Amino acid sequence: MTVIRRSLPAPVRHRHRPLCRRCPGIALDLGSARTRAWITGRGMVLDVPTVTFPGTGAIHPIQRGTIVDTPGTARMLERLLGHRLPRTGRPLVVVTAPVLDGLAFRTAARTAVEILRPRAVLTVPGARAVALAAGVDHIRPLLVVDIGAHLTEVVLLVDGAVTDARRTALGTADLADGTPPGDITAAVAGMVTAMLRQDRTGLTRAALRRDVLLAGGGALRPDITHGLPAGLGCAVRQVPSPHTAAVRGAAGLLASAHHHPSATGTV
């Protein structure tokens with residue numbers, strides 16, 4: 001198990017244009033195992049495996065939270081979404097991204113999304129999108145645990161901003177290869193313990209006094225989640241429909257947008 005903690009990127013500042021009310025909106029959650037898309041006015045239109053077919057069989061262009069094949073990701077998006085978009089109006093696209101190594105992911109995602117001819121592309125940390133979908137108080141410290149198929153993140157949010165994050169390249173897909181569910185539970189507990197030890201502000205401890213939000217497909221696995229309250233020493237609350245929470249949170253950003261940015265950015 002590899003646990004990673006790195007410096008978090010500074011948010012991108014940008015100017016704004018008036019809202020284009022006729023422009024379509026797309027929320028994307030590009031996961032290693034599943035790609036989910038939400039189109040304004042239509043709701044969830046995609047929840048499919050993240051694969052592309054270049055002629056030599058199925059290829060997985062996103063692995064362990066990293067876009068390893070940007071052209072392949074673009075081809076996949078064109079195949080899945082190109083025919084679903086209106087012929088007039090360029091879309092605003094909101095893409096969820098991992099918190100750690102997010103800069104590389106965001107850069108590759110924006111390049112891939114250009115195939116959809118977007119008017120603008122925004123990225124949002126997956127944990128923040130989860131919190132938005134849950135409709136929780138964003139001002140007080142909040143801990144989000146997102147257990148995906150190939151990646152698990154533990155993220156501390158304060159006033160909606162990421163202040164600390166850890167991840168491990170371990171997820172529900174590893175269970176099929178013989179990884180015990182308890183290993184994922186222990187990894188989450190270990191990341192939270194490391195946060196507590198290195199936090200001199202008390203924000204992590206304050207977050208643990210609230211319910212920890214649990215999202216991702218792993219939140220639907222009792223064999224993983226049943227030991228989390230004891231391992232974390234606090235209550236754990238599953239987000240409704242945890243496997244689609246990130247894309248629903250990104251869709252909420254589309255619905256509440258008042259302006260389109262004049263350049264790509266992070267929200």
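Residues numbered from 1 in each chain as written. Predicted model: local features only at pLDDT ≥ 70, side-chain atom pairs only at ≥ 80, totals over all residues. Heavy atoms only, no water.

Structural notes on the overall build of the protein
When its secondary structure is counted, the protein shows eight helices and 16 strands. Classification of the 267 residues of the protein by burial places 51% in the buried group. Pairs at least 24 apart in sequence give 67% of the contacts found in the protein among residues at least 6 apart. In the form shown here, the protein has an accessible surface area of approximately 12300 Å², with 53% of it arising from carbon and sulfur atoms. (Helix = DSSP H or I, 4+ residues; strand = E, 2+ residues; numbered from the N terminus. Buried < 20%, exposed > 50% of the residue type's maximum accessible area, 1.4 Å probe, protein only. Contact = heavy atoms within 4.5 Å. Areas by Shrake-Rupley, 256 points an atom, 1.4 Å probe, with all protein chains shown as cover.)

Some points on the pattern of salt bridges
Across all of its chains, the model carries seven salt bridges by this definition. With a closest N to O distance of 2.9 Å, Arg64 and Asp174 form a salt bridge. In this pair, Arg64 sits in the loop between β6 (62-63) and β7 (66-67) while Asp174 sits in the loop between β12 (161-168) and α4 (181-198), placing the two residues 110 residues apart along the sequence. Residue classification places Asp174 among the buried residues on the basis of a relative accessible area of 9%. Among the ionic pairs, Arg166 bridges to Asp164, the shortest N-O distance being 3.3 Å. (Salt bridge = Lys/Arg side-chain N within 4 Å of Asp/Glu carboxyl O.)

Focus on the packing of helix α3 (residues 126-134) against helix α8 (residues 245-256)
Where α3 meets α8, the closest approach of the two axes is 7 Å, and the angle between their N-to-C directions is 80 degrees. Classed by the angle they form, the pair α3 and α8 counts as roughly perpendicular. Packed against α3, whose contacting residues are Gly126, Ala129, Val130, Leu132 and Ala133, the element α8 presents Ala245, Ala246, Arg248, Gly249, Ala250 and Leu253 at the interface. In the contact of α3 with α8, the residues fall into eight nonpolar, two polar and one charged. (Axes fitted to C-alpha atoms, helices over the stretch in contact; angles between N-to-C directions. Parallel < 35°, antiparallel > 145°, perpendicular 65-115°, else oblique. Nonpolar A, V, L, I, M, F, W, Y, C, P; charged D, E, K, R; others polar.)

Some remarks on the confidence of the model for the protein
Of the residues in the protein, 88% have a pLDDT of 70 or more, and the chain-wide mean is 88. Below a pLDDT of 50 lies the segment residues 9-19, which in the model reaches 26 contacts outside its immediate sequence neighbourhood of four places, other chains included. Confidence over residues 258-263 falls short of pLDDT 50; this stretch has 23 contacts with residues more than four positions distant or in other chains. (pLDDT = per-residue confidence, 0-100.)

A short note on the nonpolar core
The biggest cluster of nonpolar side chains holds 25 residues, and the ones touching the most others in it are Ile26, Leu28, Leu30, Leu77, Leu81 and Val95. Breaking this core down by element, the ones donating at least two residues are β3 (25-30), β4 (34-39), β5 (43-49), α1 (70-81), β8 (92-97) and α2 (102-113). If we ignore the near neighbours within four places in the chain, the residues touching Leu28 are Arg36, Ala37, Leu77, Leu81, Val93, Val94, Val95, Thr96, Val113 and Val247. Counting residues in hydrophobic clusters, the runner-up holds 24 residues, among them Ile147, Val158, Leu228 and Cys234. (Core = buried A, V, L, I, M, F, W, Y, C linked by side-chain atoms within 4.5 Å.)

Looking at the environment of Arg64
On the basis of relative accessible area, Arg64 is assigned to the partly exposed category, the value being 31%. Separated by 31 residues in the primary sequence, Arg64 and Ala33 place their C-alpha atoms 9.0 Å from one another. In this structure the side chain of Arg64 is engaged in a polar contact, spanning 2.9 Å, whose partner is the side chain of Asp174. (Polar contact = N/O pair within 3.5 Å; in protein donor to acceptor, adjacent residues only side chain to side chain.)

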